[in-house]
Amino acid sequence: MKENLISPKELYRIINRAVTLCANHQNTPVDTEISLFYQRYEHHCRQNHQLNMFEEEIASKKELYAAWEFCELLEAYRQATDVYTDNAPELSISQSRRLLAGIDHYRPQIYPENLSQLNMLEYNLKRRLPEHREKMKLEEYIRSAAQIHDMKRGYDRQRRKNQPINKDYEKYALHFFKTLRQDEEINNMSASPEKIALYEVALRIVDCLPVHKYNRTDKFRLKIALNGAIKNNAETLCKAASDLPQIKQYKEMAEKADYEIRRYQNAVDKSLQYAGTSGAKTPLSLVARNKRAKDEWDYK
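So, here's what we can say about the structure. Since this is a predicted model, take the numbers as computed values, not measurements. (Residues numbered from 1 in each chain as written. Predicted model: local features only at pLDDT ≥ 70, side-chain atom pairs only at ≥ 80, totals over all residues. Heavy atoms only, no water.)

**Side note on the overall build of the protein chain**
(1) Moving on: Regarding its fold elements, the protein chain presents 12 helices and zero strands.
(2) Moving on: For the protein chain, the succession of helices and strands along the chain, N to C, is α-α-α-α-α-α-α-α-α-α-α-α.
(3) Moving on: When each of the 300 residues of the protein chain is scored for burial, the buried share is 37%.
(4) Moving on: Of the roughly 18700 Å² of accessible surface on the protein chain, 51% is carried by carbon and sulfur atoms. (Helix = DSSP H or I, 4+ residues; strand = E, 2+ residues; numbered from the N terminus. Buried < 20%, exposed > 50% of the residue type's maximum accessible area, 1.4 Å probe, protein only. Areas by Shrake-Rupley, 256 points an atom, 1.4 Å probe, with all protein chains shown as cover.)

See the structure below:
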């Protein structure tokens, strides 16, 4: 049977090819094949050729026009992101949104070996759009904190096995909190479940900070600040919630954070008490030392 060069199958092959080429830096256009497909399609229509029962179906005009637009947008993306192309037009917000809609539409037709390229394209496009950028930024922070937490757990496992160890997690934790503290975009974001999740995972890595930069009192104060952020966000979401389960969830979250704030503030007060009211450290009795050791354990 003669190969049908204007079938839906051929159209989807062209779309897959365009997806794989949209990040190339060899100045290879990605919309050439769809243009040739269109020419073949137009020729077929002019011939008024009727398919017989043994031939494959042809793509519909609606499918063709949608695929053509998608490939043209992929070409615009390629040009906009080609570092070797001078004066390339920027991809507009509208183009980015239409490309994302095309990705959603064609995802079921993308071959498994091309999905990683498609996902990377989707990720890069979402970073350009305000409606996605905030959520993605929060997710990046959450992933970074989770990685630091895993590094600390790995360090603890190696130490228990008397294996060679390093404290690389400390420098990553320092960088994480420095970046988070200076990130005004995060501070100005509206309350959201993702923002609360960020502060919760950040709490897990406070103890990863090096002692020479953050003493125990500094860490307690940082935990107070993070719990304060959780409380404020939870209270805001509680007021905006429309159903009872959500209201209950955020209310309990705010109450727990408030309890933690008071607990760590008590720890700060005790630390200052141990240090003396003047700030000069005084020798501790055995009882006081044991009490302080217990407090340090309790407030981890």
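**As for the pattern of salt bridges**
(1) Moving on: For the structure shown, the criterion picks out 21 salt bridges.
(2) Moving on: Between R13 and E10 there is a salt bridge whose closest N-O contact spans 3.0 Å. In this pair, R13 and E10 are both assigned in helix α1 (residues 8-21), three residues apart and thus about one turn of the helix distant.
(3) Moving on: Classification of E10 as buried rests on a relative accessible area of 9%.
(4) Moving on: Linking E170 and K167 is a salt bridge whose minimum nitrogen-to-oxygen distance equals 4.0 Å.
(5) Moving on: You can call E170 buried: its relative accessible area is 15%.
(6) Moving on: Each of E10, R13, R17, E33 and R40 takes part in a single network of salt bridges with overlapping partners. (Salt bridge = Lys/Arg side-chain N within 4 Å of Asp/Glu carboxyl O.)

**Thoughts on the environment of P89**
(1) Moving on: Along the chain, P89 turns up in the loop between α3 (61-81) and α4 (93-106).
(2) Moving on: Looking at P89, the relative accessible area reads 54%, which means it is exposed.
(3) Moving on: Counting along the chain gives 12 residues from P89 to Y77, while the straight-line C-alpha distance between them is 9.3 Å.
(4) Moving on: In this view, P89 contacts Q79 and A80; residues no more than four positions away in its chain are not counted. (Contact = heavy atoms within 4.5 Å.)

**So, the side chain of E122**
(1) Moving on: On the secondary structure map, E122 appears in helix α5 (residues 115-126).
(2) Moving on: The exposure class assigned to E122 is buried, which follows from its relative accessible area of 15%.
(3) Moving on: Contacts of E122, omitting those with residues within four sequence positions, involve L100, I103, D104 and R107.

**As for the environment of K152**
(1) Moving on: Note that K152 resides in helix α6 (residues 130-160).
(2) Moving on: The spacing of K152 and K167 is 15 residues in sequence and 7.9 Å in space, taken between C-alpha atoms.

**Details of the packing of aromatic side chains**
(1) Moving on: One pass over the full model with this rule turns up seven aromatic pairs.
(2) Moving on: Plain terms: the ring middles of F37 and Y41 are 6.5 Å apart, the flat faces sit at 25° to each other, and that makes the pair stacked. Placement of the pair is F37 and Y41 together in helix α2 (residues 32-46), with a separation of four residues, close to one helical turn. The burial state of F37 is the same as that of Y41; both residues are buried.
(3) Moving on: An angle of 40° between the planes, with centres 5.0 Å apart, marks the rings of F70 and Y106 as tilted. With F70 in helix α3 and Y106 in helix α4, the pair connects residues that are 36 residues apart, well separated along the chain. Judged on exposure class, the residue F70 and its partner Y106 are both buried.
(4) Moving on: A connected cluster of aromatic rings, assembled from ring pairs, spans Y141, F176 and F177. (Phe/Tyr/Trp six-rings, centres within 6.5 Å; stacked < 30°, edge-to-face > 60°.)

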